[in-house]
Amino acid sequence: MLAGDNYFTYDLREQLEVFRKTGCDTLCGKELNEPEKLKNFGIAVLAPDGKLLDFEEKPQNPKSNIVIYAVYFFRKETISLFEKYLTEDNSSDNIGSFPQWIYNFCDIYIYKMNGECYDIGTIEIYNEMNK
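Residues numbered from 1 in each chain as written. Predicted model: local features only at pLDDT ≥ 70, side-chain atom pairs only at ≥ 80, totals over all residues. Heavy atoms only, no water.

**Considerations on the sheet that holds strand S4 (residues 52–57)**
What counts is decided by this rule: Only strands joined by at least two bridges in the DSSP assignment are considered to pair. Secondary structure counts use DSSP, requiring at least four H or I residues in a row for a helix and at least two E residues in a row for a strand, with both numbered from the N terminus. Angles run from 0 to 180 degrees between N-to-C directions of axes, and those axes are lines fitted to C-alpha atoms, restricted for helices to the stretch in contact.
Strand order in the open sheet formed by 5 strands is S4-S3-S5-S2-S6, with mixed pairing between adjacent strands. On the outer flanks of this sheet lie S4 and strand S6 (108–112), each paired with one strand and no other. On average, adjacent strands in this sheet sit at an angle of 45° to one another, irrespective of strand direction.

Take a look at the structure:
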């Protein structure tokens with residue numbers, strides 16, 4: 001699952017390898033050392049092996065500097081939980097809310113990408129990317 005407003009420069013095959021190796025849902029993450037920007041992302045707390053221990057979408061007080069981008073590999077079993085997620089009145093507008101909810105039910109691993117990922121969801125960022 002990819003957010004349509006993402007532009008990324010890493011090889012998706014590397015994330016796919018983590019997905020296959022772990023057999024678990026896999027999210028794309030990266031360290032971001034710009035504290036003022038952390039509040040704009042989903043924030044992950046990880047175990048040493050990359051397993052997701054905690055996830056919060058756009059927190060006011062981030063618990064780590066690992067940001068999650070909307071590039072997800074989900075197992076069929078996880079996709080089948082979308083209906084349950086929606087019937088519990090969870091957000092259908094913010095894609096990051098699903099991983100925040102699902103990590104309570106499934107093991108999730110984070111692929112730490114080498115490259116960049118840009119959210120081009122605003123005209124300003126889109127124009128900046130086209131310079």
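Having seen it, we continue.
**Topic: the environment of Asn-114**
Mapping Asn-114 onto the fold places it in the loop between S6 and strand S7 (117–119). Separated by 84 residues in the primary sequence, Asn-114 and Lys-30 have C-alpha atoms spaced 7.9 Å apart.

**Here we look at the confidence of the model for the protein**
How we decide: The quantity called pLDDT is the predictor's confidence in a given residue, expressed from 0 to 100.
Averaged over every residue, the pLDDT of the protein is 88; residues scoring 70 or more account for 98%. Across the protein, S6 holds the top mean pLDDT of 96, while S7 sits lowest at 72.

**Brief notes about the layout of surface pockets**
In this approach a probe as big as a water molecule rolls over the atoms, and the regions it shows empty are the leftover space. Cut-off, in case you're wondering: The method works on a 1 Å grid over the protein atoms by themselves. A cavity is a set of points holding a 1.4 Å probe that cannot get out, a pocket is an open set with protein on both sides within 12 Å along at least five of seven lines, and residues with an atom within 4 Å of a point line them. Grid points are joined across faces, edges and corners, and a volume is the space filled by probe spheres set on the points. Residues are sorted three ways: Asp, Glu, Lys and Arg are charged, Ala, Val, Leu, Ile, Met, Phe, Trp, Tyr, Cys and Pro are nonpolar, and all the rest, Gly among them, are polar.
Within this model, the largest pocket holds a volume of roughly 760 Å³. Contributing to the lining of the largest pocket are 28 residues, with Asn-40, Phe-41, Tyr-69, Tyr-118 and Asp-119 lying nearest its centre. Secondary structure elements with two or more residues in the lining of the largest pocket: strand S2 (25–31), S4, strand S5 (66–73), S7 and helix H5 (123–129). Of the residues in the lining of the largest pocket, the class split is 13 nonpolar, 5 polar and 10 charged.

**Describing the packing of aromatic side chains**
We apply this condition: Aromatic rings from Phe, Tyr and Trp, taking only the six-membered ring of Trp, are treated as a pair when their centres fall within 6.5 Å; an angle between ring planes under 30 degrees marks them as stacked, one over 60 as edge-to-face, and anything in between as tilted. The buried label applies to any residue whose accessible area, calculated with a 1.4 Å probe on protein chains only, is under 20% of its type's maximum; exposed applies above 50%, and partly exposed to all values in between.
Counted according to the given criterion, the structure contains 11 aromatic pairs. Taking the centre distance of 5.4 Å and the plane angle of 45° together, the rings of Tyr-72 and Phe-74 count as tilted. Under the relative-accessibility criterion, Tyr-72 is labelled buried at 4%. On the accessibility criterion, Phe-74 (11% relative accessible area) is buried. On the numbers, 5.4 Å between centres and 90° between planes, the contact of Phe-74 with Phe-98 is edge-to-face.

**Description of the pattern of salt bridges**
We apply this condition: Here a salt bridge means any side-chain nitrogen of Lys or Arg lying within 4 Å of a carboxyl oxygen belonging to Asp or Glu.
Taken as a whole and assessed by the stated rule, the structure comprises 9 salt bridges. Residues Glu-34 and Lys-37 are paired through a salt bridge, measuring 3.2 Å at the closest nitrogen-oxygen approach. Across the pair Glu-88 and Lys-84 runs a salt bridge, and its minimum N-O distance is 3.0 Å. In this structure Lys-84 comes out as partly exposed when scored by relative accessible area, which is 37%. Taken together, the salt bridges that share partners define one network made up of Asp-25, Arg-75 and Glu-77.

**Some words on the nonpolar core**
This is how it is decided: What we call a nonpolar core is a set of buried Ala, Val, Leu, Ile, Met, Phe, Trp, Tyr and Cys residues that are connected through their side-chain atoms within 4.5 Å. Contacts are assigned to residue pairs that have any heavy atoms within 4.5 Å of one another.
Counting residues in hydrophobic clusters, the biggest one holds 17 residues, and the most contacted among them are Leu-27, Leu-52, Phe-55 and Ile-68. Of all the secondary structure elements, the ones that give two or more residues to this core are S4, S5, helix H4 (97–102) and S6. The dominant element in this core, judged by the number of residues it contributes, is S5, at 4 residues. In contact with Leu-52, other than residues within four places in its own chain, are Leu-27, Ala-44, Val-45, Leu-46, Tyr-103, Ile-108, Tyr-109 and Ile-110.

**Observations regarding the pairing of S4**
Judged from the 5 bridges that link them, strand S3 (residues 42–46) and S4 form a sheet pairing that is antiparallel. Among the inter-strand pairings, Leu-46 is bridged to a residue of S4, identified as Leu-52. Between S3 and the antiparallel strand that follows it, S4, lie 5 residues; Gly-50 among them carries a positive phi value of about 95°.

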